[in-house]
Amino acid sequence: MTVDIHSSWKPYLKDEFEKTYFKNLTTFVKSEYKNHTCFPKGNDIFNAFNCCPFDDVKVVIIGQDPYHDFGQANGLCFSVNDGVKHPPSLINIFKEIENDLGIAYPNSGNLMRWAKQGVLLLNATLTVRAHEAGSHQNKGWETFTDAVIKTISHQKNNLVFLLWGGYAKQKQKLINSQKHKILTSGHPSPLSANRGYWFGNKHFSKTNYLLEQVSQEPVKW
């Protein structure tokens, strides 16, 4: 696995790439992609970083696993490529944006437009075997992405972290809450959203308010 990552991230993450766990992870991922169908495409694995340079990061959204059906995963959490049917969680994200900000429900589920504005869309696990949710968990990806979260927490100031659901909320311990703002809610999946844990969180307007308080451009959600 070639670490095809934007040059702005390399000074902060190069030590991780040299660690034993990452070399073992690389061996595992190469084998999986050779012997099984895996997602996202190999050159999209580090898309979250390549679409959002280190210096531009101002919002962090943490997902868990890439989508595991054909044509869905594009390396950005919750995002799908243009023309792909929107998964249920993404539908609920767009519905909340519509309710919160009055922005019309979009045709495309590709969140590249968010990433280009400084939203790091980071899955805890960056790869998955087709149709097998969680199949690449506990192989080293979480160690790497935890290091990413700790690094940006330490190196940057005044970020907004959006932690949706129990898994993402566990990452709070990696974030310096004295330097950054953390917004939590239930997960946008139907199971959580339909129980009242997602809709009405107003995370998108709250994020923009917090960004404006530190003289940052709000996100065009």
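This text goes with the structure placed above it.
Residues numbered from 1 in each chain as written. Predicted model: local features only at pLDDT ≥ 70, side-chain atom pairs only at ≥ 80, totals over all residues. Heavy atoms only, no water.

Visitor: Explanation requested: the overall build of the protein chain in the structure shown.
Guide: Secondary structure assignment for the protein chain yields 9 helices and 6 strands. Taking 221 residues into account, the globule formula puts the C-alpha radius of gyration at 17 Å, and the protein chain, at 17 Å, falls close to it. Judged by the C-alpha coordinates and their principal axes, the protein chain covers about 45 × 35 × 25 Å. Pairs at least 24 residues apart make up 64% of the contacts formed inside the protein chain by residues separated by at least 6 positions. Carbon and sulfur atoms provide 47% of the accessible area of the protein chain, an area that totals close to 10300 Å². Of the side-chain charges in the protein chain, 25 are positive and 19 negative, and the distance between the mean point of each set is 3 Å. (Helix = DSSP H or I, 4+ residues; strand = E, 2+ residues; numbered from the N terminus. Rg over C-alpha atoms; globule rule 2.2 N^0.38 Å. Contact = heavy atoms within 4.5 Å. Areas by Shrake-Rupley, 256 points an atom, 1.4 Å probe, with all protein chains shown as cover. Lys, Arg positive; Asp, Glu negative; His and termini not counted. Charge placed at Lys NZ, Arg CZ, Asp CG, Glu CD.)

Visitor: Please explain the packing of aromatic side chains as it appears in this structure.
Guide: Both the distance between ring centres and the angle between the ring planes are used here to describe each pair of aromatic rings. A complete count under the given rule lists 22 aromatic pairs for this structure. Between Trp9 and Phe54, the ring centres sit 5.2 Å apart and the planes meet at 90°, which makes this aromatic pair edge-to-face. Here Trp9, found in the segment before α1 (10-17), pairs with Phe54, found in the loop between α3 (47-50) and β2 (59-63); they are 45 residues apart in sequence, far enough to count as distant. We classify Phe54 as buried; its relative accessible area is 3%. Between Lys156 and the ring centre of Phe54, over which it is positioned, the NZ or CZ distance is 5.0 Å. (Phe/Tyr/Trp six-rings, centres within 6.5 Å; stacked < 30°, edge-to-face > 60°. Buried < 20%, exposed > 50% of the residue type's maximum accessible area, 1.4 Å probe, protein only. Lys NZ or Arg CZ within 6 Å of the ring centre and 35° of its normal.)

Visitor: Help me out: how do you make sense of the sheet that holds β2 in this one?
Guide: Either a parallel or an antiparallel arrangement is found when strands of a sheet pair, and the pairing is made through backbone hydrogen bonds. Strand order in the open sheet made by the 4 strands is β3-β2-β5-β6, with parallel pairing throughout. The open sheet has two free edges, formed respectively by β3 (119-123) and β6 (181-185), since each of these has just one partner strand. Between one strand axis and the next, the sheet turns through 20° on average, direction left out of account. Where strand β5 (residues 160-164) lies against β6, 5 bridges are found, and the strand directions are parallel. Following the sheet pairing, Phe161 is matched in β6 by Ile182. (Pairing = 2+ DSSP bridges. Axes fitted to C-alpha atoms, helices over the stretch in contact; angles between N-to-C directions.)

Visitor: How should the nonpolar core be read in this particular structure?
Guide: Within soluble globular proteins, side chains that are nonpolar generally end up buried alongside one another. The biggest cluster of nonpolar side chains holds 64 residues, and the ones touching the most others in it are Trp9, Phe49, Ile61, Trp114, Phe144 and Trp221. Excluding residues that lie within four positions of it along the chain, Ile61 makes contacts with Cys77, Phe78, Trp114, Val119, Leu120, Leu121, Leu122, Leu162, Trp164 and Trp221. (Core = buried A, V, L, I, M, F, W, Y, C linked by side-chain atoms within 4.5 Å.)

Visitor: Would you mind going over the environment of Cys38 with me for this structure?
Guide: Looking at the secondary structure, you find Cys38 in strand β1 (residues 38-39). Sequence separation between Cys38 and Asp69 is 31 residues, and the spatial gap between their C-alpha atoms is 9.3 Å. If we skip the residues at most four places from it in the chain, Cys38 touches Glu32, Tyr33, Val128, Arg129, Ala130 and His136.

Visitor: Sorry if this is basic, but what is going on with helix α6 (residues 141-155) here?
Guide: Residue pairs three or four apart in sequence face the same way in an α-helix, which turns once every 3.6 residues. The end-to-end C-alpha distance of α6 is 21 Å, a good match for the 21 Å that 15 residues give at a rise of 1.5 Å each. Listed in full, the buried residues belonging to α6 are Trp141, Glu142, Phe144, Thr145, Ala147, Val148, Ile149, Thr151, Ile152 and Ser153. (Expected span 1.5 Å × (residues − 1).)

Visitor: Would you mind going over the pattern of salt bridges with me for this structure?
Guide: By the definition in use, this model includes 4 salt bridges. With a shortest N-O distance of 3.7 Å, Arg129 and Glu132 are connected by a salt bridge. Since its relative accessible area comes to 35%, Glu132 is described here as partly exposed. Salt bridges sharing partners connect three or more residues here, namely Glu32, Arg129 and Glu132. (Salt bridge = Lys/Arg side-chain N within 4 Å of Asp/Glu carboxyl O.)

Visitor: Is there a simple way to explain the side chain of Asn47 in this structure?
Guide: Looking at the secondary structure, you find Asn47 in helix α3. Those residues within four positions of Asn47 in sequence are excluded, and the remaining contacts are Asn74, Gly75 and Leu76.

Visitor: Explain the pairing of β5 here, please?
Guide: Looking along a regular strand, one sees the side chains alternate between the two faces of the sheet. Most of β5 sits inside the fold, with 5 of its 5 residues counted as buried. Burial along β5 is two-sided: Val160, Leu162 and Trp164 facing one way and Phe161 and Leu163 facing the other are all buried.

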